[in-house]
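# Overview (structure and organization)
Here is what each chain is made of, one letter per residue.
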Amino acid sequence: MNILILGSGGREHAFAKKLSESKKLSKLYVAPGNAGTAKIANNIDIDPLDFKAVKKATLEHKIEMVVVGPEAPLVAGVHDYFLADEELKNIPVIGPKKDGAELEGSKEFSKKFMFKHGVPTAKYESFTKNTVAEGQAFLETLKPPFVLKADGLAAGKGVLIIEDLEEAKAELADMLTNEKFGAASSKVVIEEYLDGIELSVFVLTDGKGYKILPSAKDYKRIGEGDTGLNTGGMGAISPVPFADEEFIKKVEERVVKPTVDGLQKDGIDYRGFIFIGLMNIDGDPFVIEYNVRMGDPETEVVLPRITSDLLDLFQGVATQTIEEKSYLVDARTATTVVVVSGGYPEAYEKGKEITGTENEQNSIVYHAGTVLKDNKVLTSGGRVLAVTSFGENIPDALKKSYNTISQISFDKMNYRKDIGFDLVD
Ligand code: AMP
Ligand code: GLY
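We now turn to the structure provided with this report. Going along each chain's sequence as written, the residues are numbered from 1 onward. Note on labels: chains are lettered from A, ligands numbered from 1, in written order. Local features are withheld for residues below a pLDDT of 70 in this predicted model, meaning they are given only at 70 or higher, and side-chain atom pairs are given and counted only at 80 or more; totals for whole chains, interfaces and linings count all residues. To get the side-chain values, all heavy atoms of the structure are used, and hydrogens and water are removed first.

### Notes on the overall build of the protein
- For the purposes of this entry, the term helix denotes a DSSP run of H or I that reaches at least four residues, the term strand denotes a run of E that reaches at least two, and both are numbered from the N terminus. Of regular secondary structure, the protein possesses 13 helices and 22 strands.
- Here the protein has a C-alpha radius of gyration of 21 Å; the compact-globule value for 425 residues is 22 Å, and the two agree.
- Referenced to the eigenvectors of the C-alpha coordinate spread, the extents of the protein come out at roughly 60 × 50 × 45 Å.
- Relative accessibility under 20% of the residue-type maximum defines a buried residue, over 50% an exposed one, and the middle range a partly exposed one, all with a 1.4 Å probe and only protein chains included. In the protein, which comprises 425 residues, the proportion classed as buried is 58%.
- The long-range fraction of contacts in the protein, counting pairs at least 24 apart against all pairs at least 6 apart in sequence, stands at 68%.
- The Shrake-Rupley method, run with a 1.4 Å probe, gives the accessible areas here. Residue values count only the displayed protein chains as cover. Entry remark: accessible area of the protein is about 17700 Å², with carbon and sulfur atoms responsible for 48%.
- Positive charges come from Lys and Arg alone, negative charges from Asp and Glu alone, with His and the N- and C-terminal ends not counted. One atom stands in for each charge, and that atom is NZ of Lys, CZ of Arg, CG of Asp or CD of Glu. In the protein, 51 side chains carry a positive charge and 66 a negative one; their mean positions are 4 Å apart. Only the C-alpha atoms count toward the radius of gyration. The rule for a globule is 2.2 Å times the residue count to the power 0.38. Residue contacts are counted whenever heavy atoms from the two residues lie within 4.5 Å of one another.

Shown next as structure tokens:
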């Protein structure tokens, strides 16, 4: 089977690596990919949002399945585009259509969906520029901290958590009247603050059945001790020690089943990943958000732990036979530490030569923001590499990741030295 993966990050490198282990795979393509995927697949230099170019590549390379990494092509309707095209309509796409992608594309849509289908989540109200005063009055009814969310996609930056009421009121006005986050904040969701421990659970569904994949915890802040600006993710750990069998059972009964059933009831034929951001509050799960894709860097710890054929699971999604599939998980702990460009998540320089990425004796070095130029690996993004290792426990795995990183070098490289700090005694 020939497969095309859309995207260029560590997540897509992890997909490529796992799929390349499948006996069912013939040729693997990644668009646009990075220096890591270039070694194990064929990179195609196109933008995943340029659907005409995606079509051309699909036909030219006789692609038989498309796996979509990031949310943007899904929210823009790449799956719908395939279904509407005579030449593409029988090629399965792993990832929801536009209607399902709204679970991530609109915070208001996802909150309405959760309330409609009884999925536990924070109370909320949404406001527009015509209802700023009502929004400010609603804030007065809540206890701090205040949670303000831009309704649309804002590259992970559209959520503000503010202690002070007056500041929250001013930010709300700024988001709505001045469109602080562009069109994404023409509507703002205000919600109750959930006080607990965060984790993510991943589901692969064919619209009827599902498989719950290993849980993970990521570290979003740039600074040690979870301080400083939010990033796409600086590291991740799987499994999450406090997400034991009893907790995951609650997640399945209270969140996964009503979500998959709710999609069906609402006539949304959803085929792909659901990434459920959860808060564990005294042992009970509450949903913070849905994403319609895998997480990055969570994928870099979840997929290596899946020892079964991922392509077989994807075929289960495509043919709606996922319930008949089984899959195995490596019981060991996986950790990943993300190596970033100095300055990230603010301005940073690109084009720095990276050395030492081939030292993979004790780790897997997933590439994120890298390009291959004149046989050199250069930085091309904020998050550059994700270094994953296995261990009997978190410190054991982390030691290997940090040891591998010590052999990697590029100008101004940066990484957090305390991934997992909150999970070990
Ligand atoms: P989101 O983009 O919805 O995942 O929000 C980004 C981050 O903000 C989450 O990962 C949480 O850490 C935090 N967050 C979002 N909503 C809430 C909430 N209602 N209560 C507490 N923290 C939240
Ligand atoms: N690591 C968080 C995300 O992928 O959204």
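### A few points about the nonpolar core
- Nonpolar cores are built from buried Ala, Val, Leu, Ile, Met, Phe, Trp, Tyr and Cys residues. Side-chain atoms within 4.5 Å join them into one set. L4, V66, I276 and L278 are the most contacted members of the largest nonpolar core, which totals 45 residues.
- The biggest single contributor to this core is helix α10 (residues 245-265), with six residues.
- With near-sequence residues (within four places) excluded, V66 lies in contact with L4, L6, F82, I91, P92, V93 and I94.
- Ranked by size, the runner-up nonpolar core spans 43 residues in total, among them L28, F202, M234 and L313.

### Quick look at the site of ligand 1
- Put simply, a residue is near a molecule or strand once any heavy atom of it comes within 4 Å of that molecule or strand. As a matter of local geometry, ligand 1 sits amid 14 residues, with E191, E192, L194, E198 and E289 nearest to it.
- In the environment of ligand 1, an oxygen atom lies 2.5 Å from a nitrogen or oxygen atom belonging to the side chain of E198.
- Think of a polar contact as two N or O atoms within 3.5 Å of one another; within protein, one of them needs to be a possible hydrogen donor and the other a possible acceptor, and neighboring residues in sequence only count if both atoms come from side chains. Contacts to ligand 1 include K220, whose side-chain N or O atom sits 3.0 Å from an oxygen atom.
- Coverage of ligand 1 by the protein chains reaches 88% of its 470 Å² of free accessible surface.
- Those elements that place two or more of their residues in the shell around ligand 1 are β7 (146-150), β8 (159-162) and β16 (284-291).
- Across the shell around ligand 1, the residue classes tally to seven nonpolar, no polar and seven charged. Throughout, the ten residues Ala, Val, Leu, Ile, Met, Phe, Trp, Tyr, Cys and Pro are labelled nonpolar, Asp, Glu, Lys and Arg are labelled charged, and all others, Gly among them, are labelled polar.

### What about the site of ligand 2?
- Ligand 2 sits among D218, G232, F275, R293, G295, D296, P297 and E298.
- Between ligand 2 and the protein, one listed contact pairs a nitrogen atom with a backbone N or O atom of G232 at 3.1 Å.
- Within the contact set of ligand 2, a nitrogen atom lies 2.9 Å away from a backbone nitrogen or oxygen of D296.
- Relative to its unbound accessible area of 200 Å², ligand 2 is 88% covered by the protein chains.
- Considered class by class, the residues forming the shell around ligand 2 number two nonpolar, two polar and four charged.

### Observations concerning helix α8 (residues 132-141)
- Looking only at α8, the buried set comprises V132, G135, F138 and L139. In a view along the axis of α8, the buried residues occupy a sector of 115°, so they form one face of it. Of the exposed residues in α8, those oriented more than 90 degrees away from the buried face are A133 and T141.
- Where α8 is buried, its residues contact β6 (124-128), β7, α9 (165-177) and β9 (187-191). Arc definition: it is the arc formed by the directions from the helix axis to the C-beta atoms.

### Quick word on the sheet that holds β8
- Here a strand pair is declared whenever DSSP counts at least two bridges between the two strands. With antiparallel pairing, four strands are arranged side by side in an open sheet as β6-β9-β7-β8. Only two strands of the sheet have a single partner each, and these edge strands are β6 and β8. Strand-to-strand twist in this sheet, taken as the mean axis angle between neighbours without regard to direction, amounts to 20°.
- Bridge count between β7 and β9: four bridges; the pairing is antiparallel. The partner of L148 across the bridge, within β9, is I190.
- Fitted lines through C-alpha atoms give the axes, limited to the stretch in contact for helices. The angle between two N-to-C directions lies from 0 to 180 degrees. With respect to the sheet, α8 is in contact with β6, β7 and β9, its orientation differing from that of β6 by roughly 155°.
- Set on the sheet, α9 makes contact with β6, β7, β8 and β9; between it and β7 the angle comes to about 5°.

### Description of the environment of I40
- Relative to the assigned elements, I40 resides in helix α2 (residues 35-40).
- With ten residues separating them along the chain, I40 and V30 place their C-alpha atoms 9.7 Å apart.
- In contact with I40, other than residues within four places in its own chain, are H13, A16, K17, S20 and L28.

### Considering the side chain of D206
- Following the sequence through the fold, D206 ends up in the loop between β10 (197-205) and β11 (210-218).
- Whenever Lys or Arg places a side-chain nitrogen within 4 Å of a carboxyl oxygen from Asp or Glu, that contact is recorded as a salt bridge. One buried charged residue, D206, forms no salt bridge at all, with the nearest opposite charge on K208 at 6.3 Å.
- A polar contact is formed between the side chain of D206 and the backbone nitrogen of K208, at a distance of 2.9 Å.

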